[in-house]
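# A structural walkthrough
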Amino acid sequence: MNNLGISTDPALLGVELSSSLTTSPSVSTFMPEEDASICPLLPTTPSPPPMDFIHPLTPNAGIEEENNEQLRDDDAQAETSSSGSSSGIGIQVTANGPGSLFNKHAYQHLGCKNGDITQENGVTQSGVFSIPITKDTPSFVNWNWPLIRKCTFFLFMAGLFAMCAIVAAMIINLPKFCNPEVPWFKGSVFYEIFPASFQDSNGDGLGDLKGLASRVDYIESLGVGAVRLNSIFPAKHYPDHFQNVTTLADIDEILGNTRDLAYLVRVLKRRNISLILDLPIYPLIKRLAVIRSNVTESANSTNAESQEMFWEDEDEVDPILNAMRYWLSLGVDGFYVKGLEHYVEDPYLVDNMKVWKFALGSDRILMVNKLLFDSVDDEVAEKIKHCVDLVDVFVDVSNGTKVIAERVQAMLNSRHLAPGFGPWIHWSLGGVTERRLAQGTSSNTSLAAILMQLMLPGTPSIFYGDEVALQEVYDPLGDHEETKHLHHLSTMVWDTDIQFTGKESLPWLPRGAFVAFHHFEYVAELVRLRGISPSIYQNAVIKEKQSVLNTAVRYSKNDILILERWYPRRHTFTSISNFGTKSLVLDLSAMFYSGEIILGPLKGEKIYFSSIQVRPMETLIVKLDK
């Protein structure tokens, strides 16, 4: 018979039991009350009270025992047999009485040693449950936990706010436009400057590089991507005869020195503006350098040091290449090699251009005049176009819209210069050899021409002063006839207290006859629009290595020129220029339906092309409705 009264006789059970089963330690070691508590036949047997396990070696065991004795005396519901019924060493069983420390319905807050303890029911007990601090008590018990909780909370909130601020900053700094990227010189606007007429810094009446650097804020506000200096080299009687340069490796002393140029480069680059130099090689260079056969092979390699051994004799050194390397070391971003059309018969023309382009690399530009392409056959043109980044094309706006349209259309259909994968067009309306746009006509002609130019595919170039309709020298009495060939290089007029030169000196050329400062904002606004609109700054739509034009000359009669620019999934723009002397009302509903004027006094106005008025010498820029 076992403790439960059940027979374990094998004969009675009908099975043979092993001795190990009949003598299981679990059966032999259970105490009577424990057997009763787990017996399924005695459901009314109460479960044992929860046990409190105390390590027998704990120094406070005796104290805990005394406290337990006191609790048993105070609490009428405590079972006195709890401490004696356990067979384990150091195990103390405490009943769930209402005064018990471990009653699950009565929570206590432990205080410091000899402090008060407040229960959930509001009863305060003094010193009864105080826990003394001994050497074995963990150090974290003494920590200032309220302060730690506060600091942790504030650190968490600070981290949360910091993460929110970082996310907000990232969102703010995300690009506002997802436009196709192009190299810096493609589609941006260049600003051509004759430095002797831009700004004087030392009061001698002649512009210089330091003065130009002081006007960088003005150049930046115009929004251009590069400054092109068309004359900095020493010449006899500079600037009266600036074309007759004596060397390509120095700066005329009137303009300054190489330190001034290096400083100009730095202040321009801080504003993300590049610097281009004109290299007038004709008639200074008699013949191009003789290139050995291994030079062109090395020009296609990646070893730049191999270039050093091309010319071993002093007579074979290429002065053009040496000049390029020198100015590149000062931070210059490219060159306009002028006069190459005079060397079309030179057998080393193509080889020299390959070497020059190799020295420049892919991120700095080589520019030539379109006259070079017009002077060579198709085979040579096909070779040199791979060495050239920009081709300067002059557009004469004084001969009517038909001539302008023919010039633009010829470039769009050109075999070697058509928009796409070849060199880009550098559009020029003025320059050191051309008359001022505003000369002899209304000052609005300059504004109308520049706005039309900024709508062309390629890289437009603005000649200094044209953005404010600067006219040629005002010389009604003919006192400056000896410099008449330079009158179009009139000194810059500023709308600030600081003028071109000091009050105590006279400029080397008289002041321009007229200037319209309010034109500046219109030009700058269209330059900014061009910079963010692929429809205008892209010269073609490239799809799967195929080039598709994104420019069309829609109309070019009766002094009216209409250009249209578009790009996939972008707004389409059109420019309507009236280069005549009469205001016209046009019905262009066969081309367009409606749009919004985005420039000028009527900016933001909705127009319908069934009846649109264009004033004389005016260019309207319209964003077409989809």
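Note that the structure is a prediction, hence the values are computed from the model and not measured.

Our focus in this paragraph is the sheet that holds strand β21 (residues 606–608). Hydrogen bonds between backbone atoms are what pair the strands of a sheet, whose relative direction is either parallel or antiparallel. Reading across from one edge, β16-β17-β18-β23-β20-β21 is the order of the six strands in this open sheet, with antiparallel pairing throughout. Every other strand in the sheet has two partners, leaving β16 (551–557) and β21 as the edge strands with one partner each. The mean angle between the axes of side-by-side strands here comes to 30°, regardless of whether they run parallel or antiparallel. With three bridges joining them, strand β20 (residues 594–597) and β21 adopt antiparallel strand pairing. Bridging across to β21, G595 finds its partner in I607. Across the face of the sheet, helix α16 (residues 401–412) comes into contact with β16 and β17 (560–565) while running at roughly 155° to β16.

So, about the pattern of salt bridges. This model, assessed by the stated rule, comprises 17 salt bridges. Across the salt bridge formed by R415 and D378, the nearest N and O atoms sit 3.0 Å from each other. Of this pair, R415 sits in the loop between α16 and β12 (424–428) while D378 is found in helix α15 (residues 378–384), placing the two residues 37 residues apart along the sequence. In this structure R415 comes out as exposed when scored by relative accessible area, which is 62%. According to the relative accessible area criterion, D378 is partly exposed, its value standing at 44%. The partner of E472 in a salt bridge is R435, and the shortest N-O contact between them spans 3.2 Å. Remark: R435 occurs in the loop between β12 and α17 (444–453) and E472 occurs in the loop between β13 (459–463) and α18 (519–532); sequence separation between them is 37 residues. Through salt bridges with shared partners, a single network forms among E192, R228, D278 and K338.

On to the packing of aromatic side chains. Tallying each qualifying case throughout the model produces 17 aromatic pairs. Ring geometry for Y191 versus F198: centroids 6.2 Å apart, planes at 75°, classification edge-to-face. Accessibility assignment for this pair places Y191 and F198 in one class, buried. With a centroid separation of 5.7 Å and 80° between ring planes, the pair formed by Y593 and Y608 is classed as edge-to-face. Of this pair, Y593 sits in the loop between β19 (584–586) and β20 while Y608 sits in strand β21, placing them 15 residues apart in sequence. Exposure remark for Y593: the relative accessible area of 65% places this residue in the exposed category. On the accessibility criterion, Y608 (42% relative accessible area) is partly exposed. Through successive ring pairs, a cluster of aromatic residues spans Y191, F198, Y218, F463, Y464, W494 and F520. The cationic tip of R215 hangs over the ring face of W494; the distance from NZ or CZ to the ring centre is 3.9 Å.

The next subject is the side chain of D475. Positionally, D475 belongs in the loop between β13 and α18. No salt bridge is formed by the buried D475, whose closest oppositely charged neighbour, K484, lies at an N-O distance of 8.3 Å. A polar contact is formed between the side chain of D475 and the backbone nitrogen of H480, at a distance of 2.9 Å. For D475, the residues in contact, after removing those within four places along its chain, are H480, E481 and H487.

The biggest cluster of nonpolar side chains holds 118 residues, and the ones touching the most others in it are Y191 and L229. In this view, L229 contacts I193, L209, L212, L261, L264, L275, I276, L277 and D278; residues no more than four positions away in its chain are not counted. In this structure, I560, L586, L588 and I612 belong to the second largest nonpolar core, which totals 14 residues.

Let us now look at unusual backbone geometry. Across the junction of Y238 and P239, the peptide omega takes the value 5°, indicating a cis bond. On the secondary structure map, P239 appears in the loop between β7 (226–229) and α10 (258–270). In the Ramachandran plot, R569 falls in the positive-phi region, its phi being about 60° despite a non-glycine side chain. When you line up the elements, R569 lands in the loop between β17 and β18 (573–578). Using a relative accessible area of 75% as the deciding quantity, one classes R569 as exposed. Located in the positive-phi region is M617, a residue other than glycine, with phi close to 55°.

Moving on, we come to the confidence of the model for the protein chain. When pLDDT is averaged along the protein chain, the result is 82, and 75% of the positions lie at 70 or above. Predicted confidence for residues 10–15 stays below pLDDT 50, and this span has four contacts to residues more than four positions away or in other chains. Predicted confidence for residues 17–45 stays below pLDDT 50, and this span has 16 contacts to residues more than four positions away or in other chains.

Here helix α12 (residues 319–329) crosses helix α13 (residues 349–360) at 10°, and the two axes come no closer than 10 Å. Comparing their axes, α13 and α12 come out roughly parallel. The two elements α12 and α13 cross, and the hand of that crossing is right-handed. Across the interface between the two elements, I320, L321, M324 and L328 from α12 touch V355, W356, A359 and L360 from α13. Taken together, the residues of the contact of α12 with α13 break down into eight nonpolar, no polar and no charged.

Let us now look at the sheet that holds strand β10 (residues 365–369). Taken in spatial order, the eight strands line up as β6-β7-β8-β9-β10-β11-β12-β13 and close into a barrel, and their pairing is parallel. The mean inter-strand angle of the sheet, taken between neighbouring strand axes irrespective of direction, is 25°. For strand β6 (residues 190–193) and β13, the ladder comprises three bridges, and the chain directions are parallel. Counted as the bridge partner of Y191 is I462 from β13. The strands that α12 touches are β8 (274–280), β9 (334–338) and β10; relative to β9, the one it contacts most, it runs at about 150°.

Cut-offs and rules
Residues numbered from 1 in each chain as written. Predicted model: local features only at pLDDT ≥ 70, side-chain atom pairs only at ≥ 80, totals over all residues. Heavy atoms only, no water. Pairing = 2+ DSSP bridges. Helix = DSSP H or I, 4+ residues; strand = E, 2+ residues; numbered from the N terminus. Axes fitted to C-alpha atoms, helices over the stretch in contact; angles between N-to-C directions. Contact = heavy atoms within 4.5 Å. Salt bridge = Lys/Arg side-chain N within 4 Å of Asp/Glu carboxyl O. Buried < 20%, exposed > 50% of the residue type's maximum accessible area, 1.4 Å probe, protein only. Phe/Tyr/Trp six-rings, centres within 6.5 Å; stacked < 30°, edge-to-face > 60°. Lys NZ or Arg CZ within 6 Å of the ring centre and 35° of its normal. Lys, Arg positive; Asp, Glu negative; His and termini not counted. Polar contact = N/O pair within 3.5 Å; in protein donor to acceptor, adjacent residues only side chain to side chain. Core = buried A, V, L, I, M, F, W, Y, C linked by side-chain atoms within 4.5 Å. pLDDT = per-residue confidence, 0-100. Parallel < 35°, antiparallel > 145°, perpendicular 65-115°, else oblique. Left-handed = near helix turned anticlockwise from the far one by under 90°. Nonpolar A, V, L, I, M, F, W, Y, C, P; charged D, E, K, R; others polar.

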